[in-house]
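Per-entry structural report
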Amino acid sequence: MADFKPTQQQEDFISAMAGSDNISLEAVAGSGKTTTLGQGAAVLPSDASQNLAVAFNKRNVEDMKAKFGIYVECQTMNAMGHRTWGRQLGKKLSVNGDKQRDLFKREFPDFEKRQQTPMLPRFLDLVRLNQLQPSSTREQYLQILSDYDLDIGDDANEDLYISRAQQLLDISIKMAWRGEIDFVDQLYMPVVFNGPFQ
């Protein structure tokens, strides 16, 4: 970008990129984060395998690739987690976007007919995104219900929902150890079970 005139903060950040093993840039949307990182990419080691930029979605990754050129490997968070978990297991992973819903229907066919049923797979996703495990406390599970304002009906359903979520999470984790994952597992498994991010 020939017409790019960095601000003092951007210049400082670009200088910091040259001397840092690990650096993060946080700013509001449209503030020039990708452009700043793109300009800074030239000060990084020329081996792209040493430089990683992570974004939430593919569109951002494609934008980064265009601006960073050959200096930086660009991936989504899910792609990085997928690669990390695959390496951890030493095998190719099988992704099923409906894993939790399929698991729920298989394990609790009688429960499926209840009015608040659609909330359980969502609850399980939120449990994993908040890094809970089957052994997490009842209070931690209740906090997820509260934080995300999940309507599961009356309070009597809380213990049933938590019990079902713990059972499904246990089975889901075992499936992920066999290489059967969904998109949330791509983030959950390597983080919770210490996958070697590289």
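All of these numbers come straight from a predicted model, not from anything done at the bench. (Residues numbered from 1 in each chain as written. Predicted model: local features only at pLDDT ≥ 70, side-chain atom pairs only at ≥ 80, totals over all residues. Heavy atoms only, no water.)

A look at the side chain of Thr-84
What counts is decided by this rule: Under the scheme used here, helices are H or I runs from DSSP no shorter than 4 residues and strands are E runs no shorter than 2 residues, and both carry numbers assigned from the N terminus. Whether two residues are in contact is decided by their heavy atoms, any of which lying within 4.5 Å being enough.
Following the sequence through the fold, Thr-84 ends up in helix α4 (residues 77-89). Apart from residues lying up to four places away in sequence, Thr-84 is in contact with Pro-190, Gly-195, Pro-196 and Phe-197.

Some details on the packing of helix α1 (residues 8-18) against helix α2 (residues 33-40)
Rules: Convention adopted: a line fitted to C-alpha atoms gives each axis, helices being fitted over their contacting stretch, and angles between N-to-C directions are expressed from 0 to 180 degrees. Roughly parallel here means an angle under 35 degrees, roughly antiparallel means over 145, roughly perpendicular means 65 to 115, and every remaining angle is called oblique. If you view the pair so one helix is near and one far, a crossing is left-handed when the near helix is turned anticlockwise from the far one by less than a right angle, and right-handed when it is turned clockwise.
Contact pair α1 / α2: the axes reach a minimum separation of 9 Å and the direction vectors enclose 45 degrees. It follows that α1 is oblique to α2 by the angle criterion. Handedness of the crossing formed by α1 with α2: right-handed. Facing Gln-10, Phe-13, Ile-14 and Met-17 of α1, the residues of α2 in contact are Thr-36, Leu-37, Gln-39 and Gly-40.

What about the nonpolar core?
Here is the rule we go by: We define the nonpolar core as a collection of buried residues of types Ala, Val, Leu, Ile, Met, Phe, Trp, Tyr and Cys that are connected through side-chain atoms lying within 4.5 Å of one another. Think of it in three bands: residues with accessible area under 20% of the maximum for their type are buried, residues over 50% are exposed, and the middle band is partly exposed, with areas taken using a 1.4 Å probe on protein chains only.
Residues Trp-85, Leu-120, Phe-123, Tyr-141, Leu-168 and Leu-169 are the most contacted members of the largest nonpolar core, which totals 30 residues. Only α4, α5 (99-107), α6 (119-129), α7 (138-147), α8 (156-177) and α9 (183-192) provide two or more residues apiece to this core. In terms of residue count, α8 provides more of this core than any other element does, eight residues in total. The next biggest cluster of nonpolar side chains, apart from the first, holds eleven residues, and it includes Met-17, Leu-44, Val-61 and Met-64.

Here's the deal with the pattern of salt bridges
Our working definition: Definition used for salt bridges: Asp or Glu carboxyl oxygen within 4 Å of a side-chain nitrogen of Lys or Arg.
Tallied over the entire structure, the rule returns twelve salt bridges. Lys-99 serves as the salt-bridge partner of Asp-185, at 2.6 Å between the closest nitrogen and oxygen. With Asp-185 in helix α9 and Lys-99 in helix α5, this pair connects stretches of sequence that are 86 residues apart. Its relative accessible area of 0% is what places Asp-185 among the buried residues. Residue Lys-99 is classed as buried on the basis of its relative accessible area of 2%. Glu-158 is the partner of Arg-138 in a salt bridge, and the nearest nitrogen-oxygen pair spans 3.7 Å. Of this pair, Arg-138 sits in helix α7 while Glu-158 sits in helix α8, placing them 20 residues apart in sequence.

Considerations on the packing of aromatic side chains
As a reminder, the rule being used: Two rings from Phe, Tyr or Trp (for Trp, the six-membered ring) form a pair when their centres sit within 6.5 Å of each other. Planes less than 30 degrees apart are called stacked, planes more than 60 degrees apart edge-to-face, and all others tilted.
Per the counting criterion, the structure on display carries six aromatic pairs. Considering the side-chain rings of Trp-177 and Phe-193, the 5.7 Å spacing of their centres and the 70 degrees angle between planes classify their relative orientation as edge-to-face. Placement of Trp-177 in helix α8 and of Phe-193 in the segment after α9 is noted, with a sequence separation of 16 residues between them. Assessed through its relative accessible area of 37%, Trp-177 is described here as partly exposed. Owing to a relative accessible area of 22%, Phe-193 belongs among the partly exposed residues under this scheme. Among the aromatic residues, ring-to-ring pairing joins Trp-85, Trp-177, Tyr-188 and Phe-193 into one connected group.

Considering the pairing of strand β1 (residues 52-55)
Heads up, the condition is: A pair of strands is labelled paired if DSSP reports no fewer than 2 bridges between them. Orient the strands so they point away from the viewer; a crossover is then right-handed if the path from the first strand over the helix to the second runs clockwise.
Every second residue of β1 is oriented toward a common face, the buried set being Ala-53 and Ala-55 and the non-buried set Leu-52 and Val-54. Of the strand pairs in this sheet, β1 and strand β2 (residues 73-76) are connected by four bridges, and their pairing is parallel. In the strand pairing of β2, Leu-52 is matched with Glu-73. For the segment spanning β1, helix α3 (residues 58-68) and β2, crossover handedness is right-handed.

Concerning α5
Using the following cut-off: Note: the arc covers the axis-to-C-beta directions of the helix.
For α5, the full list of buried residues reads Lys-99, Gln-100, Leu-103 and Phe-104. Down the axis of α5, the buried set is contained in an arc of 130 degrees. They therefore lie on one face.

Let's talk about unusual backbone geometry
When glycine is set aside, most residues are seen to have a negative phi, and most peptide bonds are trans. The phi dihedral of Asp-149 is positive, around 50 degrees, even though this residue is not glycine. Relative to the assigned elements, Asp-149 resides in the loop between α7 and α8. The class for Asp-149 is exposed, based on a relative accessible area of 69%. Phi is positive for Asn-194, close to 55 degrees, though the residue is something other than glycine. Mapped onto the elements, Asn-194 comes out in the segment after α9. Among the residues examined, Asn-194 registers a relative accessible area of 64% and is labelled exposed.

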